[in-house]
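Spelled out, the chains give:
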Amino acid sequence: MISFPNPATLFVCLLFASCGATAAEIQVKNSGDTPLAKAIASANAGDILVLAPGIYHEQVRLEKQLTLRGEPGAIIDGTTPLEAEWSAASGMDKVYVASFSKRPEGLLVDGKFIAEIRLDRAEKSGEWHWQTLLVKGPSLGGFKHIRALWMYHPNEKKIYLRLEDGAAPDKATLSFTPSRNPLIEIAAAGVVVEGLTLRGGSEAIVLGEGAKDSVIRRCKVTSYENTGIALTGGASSCTVEDCDITRGAFEEWRATTENRRENYEIWKIHKDVGKYDRVGIELIRAGTNNRILRNHLDRTFDGICLGDSSTESLDKPLIDPNHGRGTEIAENIIENTRDSGIELGVGCIDVNVHHNTLRHTHGGLRFKLPRIGPVFIHHNHLIDGTPFNVWFSMDSSPAEGYIYHNTITGGSDAAFVYSSFNAKRDFATPKWHILNNLILQVKDGFFDQRKGTPPRDFTESHNITTDDPSAAIGAGLDLSTYRQGKPLPGCEPGYFKAKAPDAGSGQ
């Protein structure tokens, strides 16, 4: 292990290391100004930068093949203390105001992000006007779930803030995220980021243009404002594995049948008057063959999303049909999401989603009109989704798709739903096949068609709807030759030993 006390020595020693046969392993200590950025600038391709314990208030961009390895306690933090002079807002009980020259990207109390109201989305009079929300909170739940709110007024150049119980801001520990830049941006092939804790950034990690064969592993994202980990700009053959991700929000909610309308107000705060979605792992205009494996996402807004909001209608052409092609999403645990657990859209060519667990999600497994396929959804377990388990939305889906050997347990609505279509078509999901699924103790049974959606037109077979798990034994269809004589993924010859496979995921 090599230790460098200052940047000058670091540079000299790196030059020496570059002359050797092997890459250098360089200890980066949290001392001085931007030690990580300086180490990255001085390192040679292939070097390993080991971050010593400490808090690094930096944002870095990797444009060469490097490994960033965090020792326990190595934290990259995107926040800075908020110093402001607060006064009571005129005519607004328990609301405080302070001058601030530029809108923060996020505002935190005790290290947790406060829900933001956007002025341009909350000017309509009524219960959801920004002044009413800051004083009273949402009409049903008040500040029971959304514990605090803030808004930046761009014309006045002021922050309006309502803390929990109307507490005075000058007695609170406040910080803010000043920059939209990610804490770590990857723009090179072969980059590895492992063992780091990331917090307080607008985005924690972005794998963008130039990222290929890069790996994010065993990282903890303990708070973020917009996106936890994003794959975009054609990033290809990258892997995100064994990470823990939460949004670190100053709000509390889980999908439940109790107080359902009241709970729904958290969704409305963000979607109707706030910043829309905040995805844990997002693939938007990503390249091919990316893998999202064995991650744990808890209390994010959305869990894992493959899609593009600009193409959520069949009337809008895909930017590139191959965006997201060959994506694998497997063995992740996603729970307590404010919206969808997993969302799939765009071309969805050769996408494989399997062996995931979705628990207490508001939006379950959602399809936003996959266009082409084939897409394979299998051996997943959905538990207590409220209101949705598996649903097709936004528009009809012409893709070739297979949903098979999944178990859906509990939840307040049907296992499969058509809902919230924004266009009228004469078809819905004609190339989709729903097979060998176990629907266990689901309140509204197998299928529900909501108002304004086309007639049900998928192929279905050997799905078991029951309150008795033993009904699934031997009740499935052999899928080892189902697709033109070839097996569906996970159903290769010999995948069951009895006369017929069991329905459900086997989880």
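The structure we're discussing is the one just above.
Structural notes, computed from the coordinates.

Procedures and definitions
Starting afresh in each chain, residues are numbered from 1 along the sequence in its written order. Two thresholds apply to this predicted model, a pLDDT of at least 70 for residue-level local features and 80 or more for giving and counting side-chain atom pairs, whereas whole-chain, interface and lining totals are computed over all residues. The side-chain figures draw on all heavy atoms in the structure; neither hydrogens nor water molecules are used. Only DSSP runs of H or I with at least four residues qualify as helices, and only runs of E with at least two residues qualify as strands; both kinds are numbered from the N terminus onward. The quantity called the radius of gyration is restricted to C-alpha atoms. Its globule counterpart is 2.2 Å times the number of residues to the power 0.38. Each residue is assigned to one of three classes by its accessible area relative to the maximum for its type, calculated with a 1.4 Å probe on protein chains only: buried under 20%, partly exposed between the two thresholds, exposed over 50%. Contact definition: two residues touch when any of their heavy atoms are within 4.5 Å. Every case where a carboxyl oxygen of Asp or Glu lies within 4 Å of a side-chain nitrogen of Lys or Arg is listed as a salt bridge. When DSSP finds at least two bridges between two strands, those strands are taken to pair.

## Some points on the overall build of the protein
So, step 1. Scanning the protein from terminus to terminus reveals four helices and 46 strands.
So, step 2. Taking 2.2 N^0.38 as the reference for a compact globule, 507 residues should give roughly 23 Å; the C-alpha atoms of the protein span a radius of gyration of 24 Å, in line with that estimate.
So, step 3. With the C-alpha coordinates of the protein rotated into their principal frame, the extents come out at 70 × 70 × 40 Å.
So, step 4. The proportion of buried residues among the 507 residues of the protein is 58%.
So, step 5. Of all intrachain contacts in the protein linking residues separated by at least 6 positions in sequence, the fraction that spans at least 24 positions is 71%.

## Re the environment of Gly228
So, step 1. The topology assignment puts Gly228 in strand 23 (residues 224–232).
So, step 2. Look at Gly228 and you get buried, because its relative accessible area is 0%.
So, step 3. Along the primary structure Gly228 and Gly490 are separated by 262 residues, whereas in three dimensions their C-alpha atoms are 30 Å apart.

## Things to note about the pattern of salt bridges
So, step 1. Going through the model one piece at a time under the given rule, you end up with 35 salt bridges.
So, step 2. The partner of Asp339 in a salt bridge is Lys271, with the nearest N and O atoms 3.9 Å apart. Residue Asp339 is found in the loop between strand 31 (333–335) and strand 32 (342–344), and its partner Lys271 is found in helix 4 (residues 260–272); the two are separated by 68 residues along the sequence.
So, step 3. Since its relative accessible area comes to 17%, Lys271 is described here as buried.
So, step 4. Between Arg359 and Glu335 there is a salt bridge whose closest N-O contact spans 2.9 Å. Pair noted here: Arg359 is in strand 34 (residues 357–359) and Glu335 is in strand 31, with a separation of 24 residues, a long-range link.
So, step 5. The class for Arg359 is partly exposed, based on a relative accessible area of 29%.
So, step 6. Judged by its relative accessible area of 13%, Glu335 is buried.
So, step 7. Linked through salt bridges whose partners overlap, the residues forming this network are Arg103, Glu105, Glu116, Arg118, Arg180, Glu225, Arg247, Lys275 and Arg278.

## Concerning the sheet that holds strand 19 (residues 197–199)
Two strands in a sheet stick together by hydrogen bonds in their backbones, pointing the same way (parallel) or opposite ways (antiparallel).
So, step 1. Pairing is parallel in the open sheet, where twelve strands are placed in the order 4-7-19-22-25-28-31-34-37-40-43-46. Each of the sheet's edge strands pairs with one partner strand only, and the pair in question is strand 4 (54–56) and strand 46 (464–466).
So, step 2. The pairing of strand 43 (residues 438–440) with strand 46 spans three bridges and is parallel. Its bridge partner lying in strand 46, Leu438 is registered against Ile464.

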